[in-house]
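Architecture at a glance
These are the residues of each chain, in order.
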Amino acid sequence: MHEPLQPDFLKKHLAASLFASPIHYHASMDSTNALARTLAAHGAPEGTLVITEEQTTGRGRRGRSWVSPAGANLLFSLLLRPPLEGERVFVLTMVLALAGLKAIKRVAGVDALIKWPNDLYVGTRKLAGVLTEFSVREKKVDWAVLGMGMNVGWHPEVPQGSGAPATSLLEETGQPVSRNELLVEILKGFEALYRDVVRGSMEALYDEWNHKCLVLGKAVVIESDMERIEGRALRIDDCGALII
């Protein structure tokens, strides 16, 4: 039986945190990002947290579906209102990825790396993904929603077709991992890094996400709806963009 997500536990252990309140918990919903976007449009404050046991229409980058059995994994979104230029918003993606790496190391003892632009991998298998959506007003970020899906307590099936092979913390450790404790660690770690971003203290973060990026020095193919680019990954710049 999976340990349920517990908003009261989160509020208690995040007592002084930006993310202690408001917390929107639903046993099942279409998408945590979708609700967070709606809340943002209606003026919800920075620090709003949306969590669920199950997403019926969860998705990743470029509209790919995110498959997750009910009650097994971490599915959450954060609402932020950062004082950033719109072109710098993807710094937040890298910061949440770093917070995720640190948290799974502390809670589960698992070493992971960032696969730019928005995935966490253990070896060659995907553990988590981040989806960033935002709105800009007069070139400044009005709101940003960061969604994370992390495989915690299930054994992912071998993907069909060209999908990336997946793993989970259960698969990597052989032990159950508390989703509540893990989420507290992710949010505490993210908040500390986010405060550095807001202060403009980016140099250490820039160095760290380059150190933790698994694609640097390797041949890469960057595909979008408009073009396909091949090259060698050199570094991730201070806006979160990959330089090839």
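Residues numbered from 1 in each chain as written. Predicted model: local features only at pLDDT ≥ 70, side-chain atom pairs only at ≥ 80, totals over all residues. Heavy atoms only, no water.

1. Structural notes on the sheet that holds strand 1 (residues 23–26)
Just so we agree on the cut-off: At least two DSSP bridges between two strands are required for those strands to pair. We count a stretch as a helix when DSSP gives it H or I for four or more residues in a row; a strand needs E for two or more, and each element gets its number in order from the N terminus. All axes here are fitted lines through C-alpha atoms, helices being fitted over the stretch that makes contact, and every angle between N-to-C directions spans 0 to 180 degrees. The criterion used for residue contact is that any of the two residues' heavy atoms lie within 4.5 Å.
Strands sit in the order 1-2-3-7-6-5-4 across an open sheet of 7 strands; the sheet is mixed. Of all the strands in the sheet, the pair left with one neighbour each is strand 1 and strand 4 (113–115). Across the sheet, the mean angle from the axis of one strand to that of its neighbour is 20 degrees, orientation sign disregarded. In this sheet, strand 6 (residues 125–137) lies alongside strand 5 (residues 119–122) in antiparallel orientation, the contact comprising 4 bridges. Along strand 6, the bridge assignment pairs Tyr-121 with Lys-126. With respect to the sheet, helix 3 (residues 91–108) is in contact with strand 3 (74–80), strand 4, strand 5, strand 6 and strand 7 (140–150), its orientation differing from that of strand 7 by roughly 35 degrees. Across the sheet, helix 5 (residues 179–199) touches strand 2 (49–52), strand 3 and strand 7, and the angle it forms with strand 3 is around 25 degrees.

2. Remarks on a nonpolar patch on the surface
To keep it simple, the criterion reads: Candidate patch residues must exceed 30% relative accessible area and have no salt bridge, after which like charges are joined if within 9 Å and Val, Leu, Ile, Met, Phe, Trp or Tyr side chains if within 5 Å. In short, Shrake-Rupley with a 1.4 Å probe defines the accessible areas, and a residue's cover is counted only from the protein chains shown. Here a salt bridge means any side-chain nitrogen of Lys or Arg lying within 4 Å of a carboxyl oxygen belonging to Asp or Glu.
A grouping of Phe-90, Phe-134 and Val-136 is seen on the molecular surface, where their side chains present a nonpolar patch of about 240 Å² in accessible area. Within the secondary structure, Phe-134 sits in strand 6.

3. With respect to the nonpolar core
How we decide: Among buried residues, those of type Ala, Val, Leu, Ile, Met, Phe, Trp, Tyr and Cys that are joined through side-chain atoms within 4.5 Å constitute a nonpolar core. Each residue is placed in one exposure class: buried if its accessible area under a 1.4 Å probe, protein chains only, is under 20% of its type's maximum, exposed if it is over 50%, and partly exposed if it falls in between.
In this structure, Phe-76, Met-150, Leu-169, Phe-190 and Trp-209 are the most contacted members of the largest nonpolar core, which totals 63 residues. Mapped by element, the contributors of at least two residues to this core are strand 2, strand 3, helix 3, strand 5, strand 6, strand 7, helix 5 and helix 6 (203–211). In terms of nonpolar packing, the next biggest core, distinct from the first, is built from 9 residues, Ala-40, Val-50, Leu-79 and Trp-143 among them.

4. A word on the packing of aromatic side chains
For clarity, the cut-off: The aromatic pairing rule takes the rings of Phe, Tyr and Trp, using the six-membered ring of Trp, and pairs them if the centres are within 6.5 Å, calling planes under 30 degrees apart stacked, those over 60 edge-to-face and the rest tilted.
Scanning the entire structure with this criterion turns up 3 aromatic pairs. Ring centres 6.0 Å apart and planes at 45 degrees place the aromatic pair Phe-19 and Phe-190 in the tilted group. Here Phe-19 is found in the loop between helix 1 (7–13) and strand 1, whereas its partner Phe-190 is found in helix 5, with 171 residues between them in sequence. Consider the rings of Phe-190 and Tyr-194, whose centres lie 5.7 Å apart with planes at 10 degrees: the pair is stacked. Here the residue Phe-190 and the residue Tyr-194 both occupy positions in helix 5, the gap between them amounting to 4 residues, near one helical turn. Accessibility classification places Phe-190 together with Tyr-194 in one group, the buried group. Here the aromatic residues Phe-19, Phe-190 and Tyr-194 are joined through ring pairs into a cluster of three or more.

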